[in-house]
Amino acid sequence: MGCAPSIHVSQSGVIYCRDSDESNSPRHTTSVSQGPAAPLPGLFVQTDAADAIPPSRASGPPGAARVRRARAELGSCSSTDSAAPAATTCRGRRRHCCSSAEAETQTNYSNVKVSSAEVRIGPMRLTQDPVQVLLIFAKEDSQSDGFWWACDRAGYRCSIARTPESALECFLDKHHEIIVIDHRQARNFDAEAVCRSIRATNLSEHTVILAVVSQASGDHEEASVLPLLHAGFNRRFMENSSIIACYNELIQIEHGEVRSQFKLRACNSVFTALDHCHEAIEITSDEHVIQLHKIHRDSGDNSQTESHSFRYKNRRRESIDVKSISSRGSDAPSLQNRRYPSMARIHSMTIEAPITKVINIINAAQENSPVTVAEALDRVLEILRTTELYSPQLGTKDEDPHTSDLVGGLMTDGLRRLSGNEYVFTKNVHQSHSHLAMPITINDVPPCIAQLLDNEESWEFNIFELEAVTHKRPLVYLGLKVFSRFGVCEFLRCSETTLRAWLQVIEANYHSSNAYHNSTHAADVLHATAFFLGKERVKGSLDQLDEVAALIAATVHDVDHPGRTNSFLCNAGSELAVLYNDTAVLESHHTALAFQLTVKDSKCNIFKNIDRNHYRTLRQAIIDMVLATEMTKHFEHVNKFVNSINKPMASEIEGSEYECNPTGKNFPENQILIKRMMIKCADVANPCRPLDLCIEWAGRISEEYFAQTDEEKRQGLPVVMPVFDRNTCSIPKSQISFIDYFITDMFDAWDAFAHLPALMQHLANNYKHWKTLDDMKCKSLRLPSDS
């Protein structure tokens, strides 16, 4: 039911929608499709397929006696009804077996000729197709027959599903406006679960779902409707097999909720059409009050569209209500010269962001909407006006303290409650490389280290073995090997000696006393970044400058990390927190210090030989990637990657006839999203490492959090993550919460792009390990017998 995508303007200036389907048949006989549904989730396009009823099915089905009772109840039938036996004309059923659900779906063929109705919304004339109804009844009985014959009398297209699986499949295929679910007996299926599964789909927002409940006995109080509303039902229908009762219920739904939803979708179509219009348009009310003004500016090859939706209380307009300001007619120049410049000046004073346009569209849609829809849109507007659109909100019921503490510790910049104690670094962060050992060459690497580095391209590479043989200096050795493999010196036009000196300076400014955030972690992130850069789709999406920037960002992303979180530094009033205004404190410090250490001495300045433009581009890319590792924007980065990279890529892969690059390599904004996602995944890839490495990393990060909790208690600071108390903490629970909340969705999205089956298998194995420990009430890294 609905309006076709095309919107037309008649010569009289009336806007109307015209259905692209020429058929007037109200019968919909296509079986449940196994492929994706064609219509868009907004306005549905009629897709009739008027198959004839096979002769073998023309005989009366079981229940013909109820057919005669139905005719008697309805009292009046069309001439077609009286011209043929009721059992053959009013009820013909075809059985379709849904292979995926292995269940029966039945569709009726109404013999009542109902043409598409015309609905008017102001000046718009819209075509409304016959309503589609889905009946979900496990067994045929008088109640299901009552609704069946009511649909037949009203001219609706009606389908019956016997199982939840076939019901969902049928709904996704046909997008019914009304769904009737049998809620009387729970032993057949869970009606509320069926309703929730349908509501979980995007297509259900314009569907009315009716629950059929049993009549309350005389000695029982009538049940509340709240559980039904919470499950997603819109209405409740007391069991009544009378076809008149069923018919009246369906007719009321059609003229109430269904018609309102249809009008709302029509309004959305008009705004979509206006948004894509390339002319200047102004729409006014009957009192000539401007409702919407849209200007399209052309300047050479560049075009700009400004859309303004607002009201002027006293602003009048001399022209007709709806008319294009600019026209290709003969009077276009004079009209444009008279009206366009002044309006452009007036409306150029309003700068409208995309979110403002969305809010204006919703406000306009609210005006003629029913109360329930208007209230729902009010809630939508409240959400859109918040600042953290991408950050999920944890519920207050049965909250997992481990998840709550992780979110509080990693995704906030502190509680802002200062105790007067300031956290001051005890390490001199500006060490000079002149006090370091002389740089070694790649050819001077000891055999034991060289043998380990032969395997550095593998995901199974053991960074802890490299840490041991290099005496906690793995970053220099791994950096020399990886940077050589990617031709970094050639790109930067710097010598290997300069690169070695730079790696030593950077590694010297990592704190070896930190349990986790030390140069071994930096080397691990560098290794993961290099591994991701070797994947085919990543390699095809990035330029060499992007690769070099990613490797440098991974190397410096945690330099001079104090082993404490941003929240701790903000609560302690540290110098860094004050310097960076409590915002992305550590990440800002890492990038600033990395560039300070690099450019202050030409002996380690790897950027000294590249031109200014390349340096600015490279610097911006490095800064952007390091700042992306800050967890407060975690969900924003992941959601943008999914919506801008994953979903378009999936659509283009499905439509493989289009030869285009699904990664959007030609779009710099997509390259930025890919680089951010890559370093984020590399930074927290520990749960995707082989089990032994995963366990070691889990122990190290837990120890660092334990040390922070100890210091917070000593200094009287707010304890950011109370669950990380070394005497009570369950490490398996903390790992499970971290994987569930941060890791799974992010790596699912990254795997869909980069194709990383080995990592996903490690993730599943490691999660199983932690779950096993948690189920056995074990709080340590391993079972006592294993350790």
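Above this text sits the structure in question.
In this convention, every chain numbers its residues from 1, walking through the sequence in written order. pLDDT decides what is reported in this predicted model: residues at 70 or higher carry local features, side-chain atom pairs at 80 or more are listed and counted, and totals for whole chains, interfaces and linings draw on all residues regardless. The side-chain values count all of the structure's non-hydrogen atoms but skip hydrogen atoms and water molecules.

Asks: Help me understand the nonpolar core, please; the structure alone is not making it clear to me.
Replies: Looking at soluble globular proteins, one finds that nonpolar side chains tend to be buried together. Leu492, Trp502, Phe532, Ile552, Leu618 and Trp750 are the most contacted members of the largest nonpolar core, which has 113 residues in total. Helix numbering and strand numbering both begin at the N terminus, where a helix is a DSSP run of H or I of at least 4 residues and a strand a DSSP run of E of at least 2. Among the elements that take part in this core, helix 28 (residues 731–754) stands out by supplying 13 residues, more than any other. Note on definitions: a residue-residue contact is assigned when non-hydrogen atoms from the two residues lie within 4.5 Å. Those residues within four positions of Trp502 in sequence are excluded, and the remaining contacts are Phe483, Ile552, Thr555, Val556, Thr598, Cys604 and Ile606. We define the nonpolar core as a collection of buried residues of types Ala, Val, Leu, Ile, Met, Phe, Trp, Tyr and Cys that are connected through side-chain atoms lying within 4.5 Å of one another. Here's how the labels work: a residue is buried when its accessible area is under 20% of the maximum for its type, exposed when over 50%, partly exposed in between, all with a 1.4 Å probe on protein chains only.

Asks: Would you mind showing me how to read a nonpolar patch on the surface here?
Replies: A surface patch of nonpolar side chains, amounting to about 230 Å² of accessible area, comprises Val225, Leu226 and Leu229. For Val225, the position within the fold is in the loop between strand 10 (208–213) and helix 7 (226–231). Like-charged residues within 9 Å of one another, or nonpolar side chains (Val, Leu, Ile, Met, Phe, Trp, Tyr) within 5 Å, are grouped into patches, provided each residue has over 30% relative accessible area and no salt bridge. Note on areas: these come from Shrake-Rupley sampling with a 1.4 Å probe, and a residue is covered only by the protein chains present in the view. Within this document, salt bridges are pairs made up of a side-chain nitrogen of Lys or Arg and a carboxyl oxygen of Asp or Glu, the two lying within 4 Å of each other.

Asks: Quick question: what am I supposed to make of the pairing of strand 7 (residues 132–136) here?
Replies: For a regular strand, side chains alternate in direction, first toward one face of the sheet and then toward the other. Burial analysis of strand 7 places 5 of its 5 residues in the buried class, the great majority of the element. Here strand 7 shows a buried face lined by Gln132, Leu134 and Ile136 and a second buried face lined by Val133 and Leu135. As paired elements, strand 7 and strand 8 (residues 157–161) share 5 bridges and run parallel to each other. From the neighbouring strand, Ile136 faces strand 8, where its bridge partner is Ala161. A crossover gets the label right-handed when its path from the first strand over the helix to the second runs clockwise, viewed with the strands pointing away from the viewer. In terms of handedness, the path from strand 7 via helix 4 (residues 142–154) over to strand 8 forms a crossover that is right-handed. With 4 bridges joining them, strand 7 and strand 9 (residues 178–182) adopt parallel strand pairing. One bridge is not enough; two strands pair if DSSP finds at least two bridges between them.

Asks: Which parts of the structure should I look at to understand the pattern of salt bridges?
Replies: Two side chains with opposite charge may pair up if their charged atoms get near one another. Scanning all chains against the criterion turns up 20 salt bridges. Between Arg184 and Glu239 there is a salt bridge, with the nearest N and O atoms lying 2.8 Å from each other. Note that Arg184 is positioned in the loop between strand 9 and helix 6 (191–199) and Glu239 in the loop between strand 11 (235–238) and helix 8 (243–275), a separation of 55 residues in sequence. Looking at Arg184, the relative accessible area reads 17%, which means it is buried. The network of salt bridges with common partners includes Asp141, Asp182, Arg184 and Glu239.

Asks: Is there a simple way to explain helix 18 (residues 519–533) in this structure?
Replies: It helps to recall that an α-helix has 3.6 residues per turn; residues three or four apart then point in one direction. An ideal rise of 1.5 Å per residue puts 21 Å on 15 residues; helix 18 measures up with 21 Å between its terminal C-alpha atoms. Taken across its 15 residues, helix 18 has 15 buried, putting it largely inside the fold. Its side-chain oxygen 3.1 Å from the backbone nitrogen of Thr520, Asn518 forms the N-cap of helix 18. Each residue after the first adds 1.5 Å to the expected span of a helix. Polar contacts, as used here, are pairs of N or O atoms within 3.5 Å; protein pairs need one atom able to donate a hydrogen and one able to accept it. Residues neighboring in sequence count only if both atoms are side-chain atoms.

Asks: Where do I start with the packing of helix 18 against helix 20 (residues 544–556) in this structure?
Replies: Pairs of packed helices are described in terms of their axes, by the angle between the two and the distance that separates them. Packing of helix 18 against helix 20 leaves a shortest axis separation of 8 Å and a crossing angle of 160°. It follows that helix 18 is roughly antiparallel to helix 20 by the angle criterion. When you trace helix 18 past helix 20, the crossing you get is right-handed. In this structure, helix 18 contributes Ala522, Val525, Leu526, Thr529, Ala530 and Leu533 to the contact, and helix 20 contributes Glu547, Ala550, Leu551, Ala554 and Thr555. Grouping the amino acids of the contact of helix 18 with helix 20 by side-chain chemistry returns 8 nonpolar, 2 polar and 1 charged. Only the contacting stretch of a helix is used when fitting its axis, a line to C-alpha atoms as for every element, and angles between N-to-C directions run 0 to 180 degrees. Angle categories are assigned with fixed cut-offs, so that under 35 degrees is roughly parallel, over 145 is roughly antiparallel, 65 to 115 is roughly perpendicular, and the rest are oblique. Take the far helix as your reference; a near helix turned counterclockwise from it by less than a right angle gives a left-handed crossing, and one turned clockwise gives a right-handed crossing. Ten residues, namely Ala, Val, Leu, Ile, Met, Phe, Trp, Tyr, Cys and Pro, are considered nonpolar, four, namely Asp, Glu, Lys and Arg, are considered charged, and the remaining ones, Gly among them, are considered polar.

Asks: Can you walk me through the packing of helix 23 (residues 585–599) against helix 24 (residues 612–628) in this structure?
Replies: At their nearest, the axes of helix 23 and helix 24 sit 8 Å apart, and the two run at 145° to each other. Note on packing geometry: the crossing formed by helix 23 with helix 24 is right-handed. Together, Glu587, Ser588, His590, Thr591, Phe595 and Val599 of helix 23 and Tyr615, Arg619, Ile622, Ile623, Val626 and Leu627 of helix 24 make up the contact between the two elements. Considering only residue class, the contact of helix 23 with helix 24 consists of 7 nonpolar, 3 polar and 2 charged.

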